[in-house]
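# Observations on the model geometry
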Amino acid sequence: VVIVYVAGAYKAIFDYLAKQFEKQYGIPVEVVPGGSFGLAAEIAHGTPVDDFVPVAYIQAVELEGPNNPGWAIAFISDQMAIVYSKYTMKNPYWNQLYSNYTMAMKTNETKYWYNFFYLLTTKFSLGISNPNSDPEGLYAYLILKMAGYLYANHSFDYFIRLANENNVIHSAPTTADFVAPLKAGELDFVFSYKSYAISQGLKYLQLPPWLSFGYYPNETKWYSFFFYKITVNGQTLKIYGNPVYLYITIPKNAPNEQLAIEFLEFVIDHVSELAMFGVTPITHPVLFYQAKSDVPQQILQLLNEGVLTYGGNFSAV
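Overview of the structure. Keep in mind that this is a model prediction, so the values were computed, not measured.

## Observations concerning the pairing of strand 4 (residues 71–77)
- The buried fraction of strand 4 amounts to seven of the seven residues, a majority that puts the element mostly inside the structure.
- Both strand 4 and strand 13 (residues 280–289) contribute to a ladder of six bridges, which runs antiparallel. Bridge assignment links Ser77 to a residue of strand 13, and that residue is Thr280.

## A closer look at the side chain of Ser36
- Checked against the element boundaries, Ser36 lands in helix 2 (residues 36–44).
- If we skip the residues at most four places from it in the chain, Ser36 touches Ala7, Phe52, Pro54, Val55, Ala60, Ser133, Asp134 and Pro135.

## Notes on the nonpolar core
- With 112 residues, the main nonpolar core has Tyr10, Phe14, Phe75, Phe117, Phe189 and Phe191 as its most contacted residues.
- Considering each element in turn, this core owes the most residues, eleven residues, to helix 6 (residues 135–151).
- The next biggest cluster of nonpolar side chains, apart from the first, holds seven residues, and it includes Ala72, Tyr247, Ile282 and Phe288.

## Comments concerning helix 4 (residues 94–107)
- The terminal C-alpha atoms of helix 4 lie 20 Å apart, and with 14 residues this matches the ideal 20 Å at 1.5 Å per residue to within 8%.
- Taken together, the buried positions of helix 4 are occupied by Trp94, Leu97, Asn100, Tyr101 and Ala104. The arc that holds every buried residue of helix 4, seen down its axis, measures 140 degrees, which confines them to one face. Of the exposed residues in helix 4, the ones pointing more than 90 degrees away from its buried face are Asn95 and Lys106.
- Against strand 5 (80–84), helix 5 (110–123), strand 8 (189–193) and strand 9 (203–206) lie the buried residues of helix 4.
- Within two residues after helix 4, Asn108 carries a phi angle of roughly 60 degrees, on the positive side.

## Examining the sheet that holds strand 1 (residues 2–7)
- Spatially, three strands are ordered 2-1-3 in an open sheet, and the strand pairing comes out parallel. What marks the edges here is a single partner per strand, and that holds for strand 2 (29–34) and strand 3 (51–53). The average undirected angle you get between the axes of adjacent strands in this sheet is 20 degrees.
- As paired elements, strand 1 and strand 3 share three bridges and run parallel to each other.

## Examining the sheet that holds strand 14 (residues 309–312)
- In space, the four strands of this open sheet follow the order 12-4-13-14, with mixed pairing throughout. Both edges of this open sheet fall to strand 12 (245–248) and strand 14, since each of them pairs with a single strand only. Mean inter-strand twist for the sheet, computed between neighbouring axes without regard to direction, equals 35 degrees.
- Pairing geometry for strand 4 and strand 12, over four bridges, is antiparallel. Following the sheet pairing, Ile76 is matched in strand 12 by Leu246.
- Where helix 12 (residues 257–269) meets the sheet, it contacts strand 4, strand 12 and strand 13, and its direction lies at approximately 30 degrees from that of strand 4.

## Points about the side chain of Thr121
- For Thr121, the location among the structural elements is in helix 5.
- Looking at Thr121, the relative accessible area reads 0%, which means it is buried.
- A distance of 2.7 Å separates a polar side-chain atom of Thr121 from the backbone oxygen of Phe117.
- Excluding its chain neighbours within four sequence positions, the residues that come into contact with Thr121 are Leu126, Leu144, Phe159, Leu162, Ala163, Asn166 and Val168.

Scoring rules and cut-offs
Residues numbered from 1 in each chain as written. Predicted model: local features only at pLDDT ≥ 70, side-chain atom pairs only at ≥ 80, totals over all residues. Heavy atoms only, no water. Buried < 20%, exposed > 50% of the residue type's maximum accessible area, 1.4 Å probe, protein only. Helix = DSSP H or I, 4+ residues; strand = E, 2+ residues; numbered from the N terminus. Pairing = 2+ DSSP bridges. Contact = heavy atoms within 4.5 Å. Core = buried A, V, L, I, M, F, W, Y, C linked by side-chain atoms within 4.5 Å. Expected span 1.5 Å × (residues − 1). Arc of directions from axis to C-beta. Axes fitted to C-alpha atoms, helices over the stretch in contact; angles between N-to-C directions. Polar contact = N/O pair within 3.5 Å; in protein donor to acceptor, adjacent residues only side chain to side chain.

Next comes the structure, spelled out in structure tokens:
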């Protein structure tokens, strides 16, 4: 059996890949979802995992501690969205929120964006996963900081403070925990990835490029202007904004390295099919590594054959 630890929002994608892999090779795959930072901490403590599929790899890799392999492959990009269900539209403030949102998207005028974020953080219940265990929570707080900076007189914490004062934030270890309450109408919104909404059959409000952490090369520098502090394994890390990529790697203590490589190659081969989940496949997935000697020979071969492209070391991410 291949054990795959995967960022919770991508469980549907990996259930699909696992089924295809088993059909083709007769080898079962166990998909274990969770928050990327939390899963990395488990790997650091020696939990045996064949493939690790985190978001925000540049941070998650360091958190694997002694089992950090020193390399990873970015194979899809995604973006943040504000996800909701049909029940959200029954909130008495929905029409006001939605009309401000449409005007904001159309005109980009500060007053509409301010009204939208003001209503969002005072009149609706928000699912935000714990940023210490899950990058989606981290991205959510970065979006609220950006909105404060852009639409509330450069006040980074303005909307976060409003949300806390109005007690609207519901926390969970990973956004996978929010699917049921969202579908049952117990939560109004969840900050998650666009693909999460699509794979779960939920509605979502698209965010403009400068707030979405999508793969927009012109926005990368802007994203990195913002940071949020998280605490993992007792250490505090200052995490700067960067685009949402999903990575795959093989921890040092993988029990079945050969099978882990086969599954990784299978994922790379099938990357173009994943567009149906609302993600953007990277045509030639990007290999990042600290030292070439850390990378398994079969993976380097994919690089030499042009299946993968080289992205530099992690600081380039």
